[in-house]
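A look at the structure
So the chains spell out like this:
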Amino acid sequence: MNEWPEFFARLPLIAILRGLTAAEAPAVGDALVEAGFTLIEVPLNSPDPLDSIAVLSDRLAGRALIGAGTVRTPADVAAVAEAGGRLIVMPHGDPTVIAAAKGRGLVCAPGVATPTEAFAALAAGADGLKLFPAEMLGPPVVKAWRAVLPPEVPLIPVGGIAPETMAAYRRAGAAGFGLGSALYRPGLPIAELATRAAAFVTAWNAD
C-alpha cells in the first residue's frame, strides 16, 4: 500500500530529525503528529537511526509515514525497510538506490540539484524530488524547473527552510518542504518543538 499520496496531501512537510535518539523518539513523534505532521525521516547519520525508525514506525503506524534520510546505498535501503521504514530520502540521485527503494515498494525522494539530475531520478522511479540544497535553488530556479518537469511531480526544497521563506517557494511551484534544524535539533524541549511545528503548519496553511 502506497501511503505517500494520502499523507503528502494532508501536510506535505517532511520533519527531518537529525540527531534523534530512540529514547527521544516517542515524545518527538507524538508532538509532531499532534501538530499535523504525517511525514517523518530520521537521517542515517543520527545515533542508532534504525532503532528510532523502528520505534516511530510502530508507534505511529497509520498516522504517519516514517523513514530515513541520508540514504546513500542499496544496503541502507534494505536496512531501513527491515526496521519498518517506508520512506527513503536521499542526498543524491543515485539510480541504483532509487531502484532498490522502488523494488521494495518504498517511497523515494532523491536529492537533485539540476534538471538533468531531476529527469534521471524520475526515469529511475522517484516519487518526488528533493531540491537540495535549497539555499542554492531559490524560487526562480523552482519556477524554471516547474515549467519543464511533469506537473504531477512534487518538488520539495530542503535546506534552510523557515516558515517565512515558504510562501515564495510555493508561488514558484514547490509542493512541499523538508524541514531540518529550524524545526528540530537534539535535546530541544518538546514544548519548543510543538511551537516550531505549529509555526510551520500555520505558514503552510496561510497560503
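Before any of the text, the structure's been laid out above.
Anyway, here's the lowdown on the structure attached to this text. (Residues numbered from 1 in each chain as written. Predicted model: local features only at pLDDT ≥ 70, side-chain atom pairs only at ≥ 80, totals over all residues. Heavy atoms only, no water.)

**Looking at the packing of aromatic side chains**
All told, the structure shown has three aromatic pairs when counted by the stated rule. When the ring of Tyr 169 is compared with that of Phe 177, the centres are 6.0 Å apart and the planes differ by 80°; the resulting orientation is edge-to-face. A relative accessible area of 0% means that Phe 177 is categorised as buried. Relative to Trp 204, the ring of Phe 177 lies with its centre 6.2 Å away and its plane at 80°, an arrangement referred to as edge-to-face. Of this pair, Phe 177 sits in strand E9 (residues 177–179) while Trp 204 is found in helix H9 (residues 190–206), placing the two residues 27 residues apart along the sequence. Residues Phe 177 and Trp 204 agree in their burial class; the two are buried. A cation sits over an aromatic face here: Lys 130 above Phe 132, 4.6 Å from the ring centre. Its guanidinium or amino end placed over the ring of Trp 204, Arg 170 lies 3.4 Å from that ring's centre, counting from NZ or CZ. (Phe/Tyr/Trp six-rings, centres within 6.5 Å; stacked < 30°, edge-to-face > 60°. Buried < 20%, exposed > 50% of the residue type's maximum accessible area, 1.4 Å probe, protein only. Helix = DSSP H or I, 4+ residues; strand = E, 2+ residues; numbered from the N terminus. Lys NZ or Arg CZ within 6 Å of the ring centre and 35° of its normal.)

**A look at unusual backbone geometry**
Of note, the amide linkage connecting Phe 132 to Pro 133 takes the cis form, showing an omega dihedral of -5°. Within the element layout of this structure, Pro 133 appears in the loop between strand E7 (129–131) and helix H7 (139–148). Positive phi values are uncommon outside glycine, yet Asp 48 reaches one of about 45°. For Asp 48, the position within the fold is in the loop between strand E2 (39–43) and helix H3 (49–59). Unusually for a residue other than glycine, Thr 70 sits at a positive phi of about 55°. Looking at the element boundaries, Thr 70 is found in the loop between strand E3 (65–69) and helix H4 (74–82). Residue class for Thr 70 comes out buried when judged on its relative accessible area of 16%.

**Let's talk about the sheet that holds strand E6 (residues 111–112)**
The strand order across the open sheet formed by three strands is E6-E7-E8, and the pairing between neighbours is parallel. Where the open sheet ends on each side, the last strands, each with one partner, are E6 and strand E8 (155–157). With two bridges joining them, E6 and E7 adopt parallel strand pairing. The residue bridging Val 112 from the neighbouring strand is Leu 131, located in E7. (Pairing = 2+ DSSP bridges.)

**Points about H3**
Note: α-helices contain 3.6 residues per turn, so residues at a spacing of three or four share the same orientation. Of the positions making up H3, those classed as buried are Pro 49, Ser 52, Ile 53, Leu 56 and Ser 57. Down the axis, H3 shows its buried residues gathered within 130° of arc, on one side only. Packing partners of the buried residues in H3 comprise helix H2 (25–35), E2 and E3. (Arc of directions from axis to C-beta. Contact = heavy atoms within 4.5 Å.)

**Let's talk about the environment of Ala 203**
With respect to the element layout, Ala 203 can be found in helix H9. C-alpha of Ala 203 to C-alpha of Asn 45: the two residues are 158 residues apart in sequence and 29 Å apart in space. Those residues in contact with Ala 203 that sit more than four places away from it in its chain are Pro 163 and Met 166.

**Things to note about the packing of H2 against H9**
Contact pair H2 / H9: the axes reach a minimum separation of 9 Å and the direction vectors enclose 30°. On the basis of the axis angle, H2 is roughly parallel to H9. Relative to H9, the crossing made by H2 is right-handed. Side by side, H2 and H9 meet where Ala 27, Val 28, Ala 31, Leu 32 and Ala 35 of the first sit next to Ile 190, Leu 193, Ala 197 and Val 201 of the second. When the residues that make up the contact of H2 with H9 are grouped by side-chain class, the tally is nine nonpolar, no polar and no charged. (Axes fitted to C-alpha atoms, helices over the stretch in contact; angles between N-to-C directions. Parallel < 35°, antiparallel > 145°, perpendicular 65-115°, else oblique. Left-handed = near helix turned anticlockwise from the far one by under 90°. Nonpolar A, V, L, I, M, F, W, Y, C, P; charged D, E, K, R; others polar.)

**Quick notes on the sheet that holds E2**
The parallel open sheet is built from six strands, whose spatial order is E5-E4-E3-E2-E1-E9. Of all strands in the sheet, those bounded by a partner on one side alone are strand E5 (107–109) and E9. With strand direction ignored, the average angle separating the axes of adjacent strands in the sheet is 25°. Bridge count between E3 and strand E4 (residues 87–89): two bridges; the pairing is parallel. Within the sheet, the bridge partner assigned to Gly 67 lies in E4 and is Leu 87.

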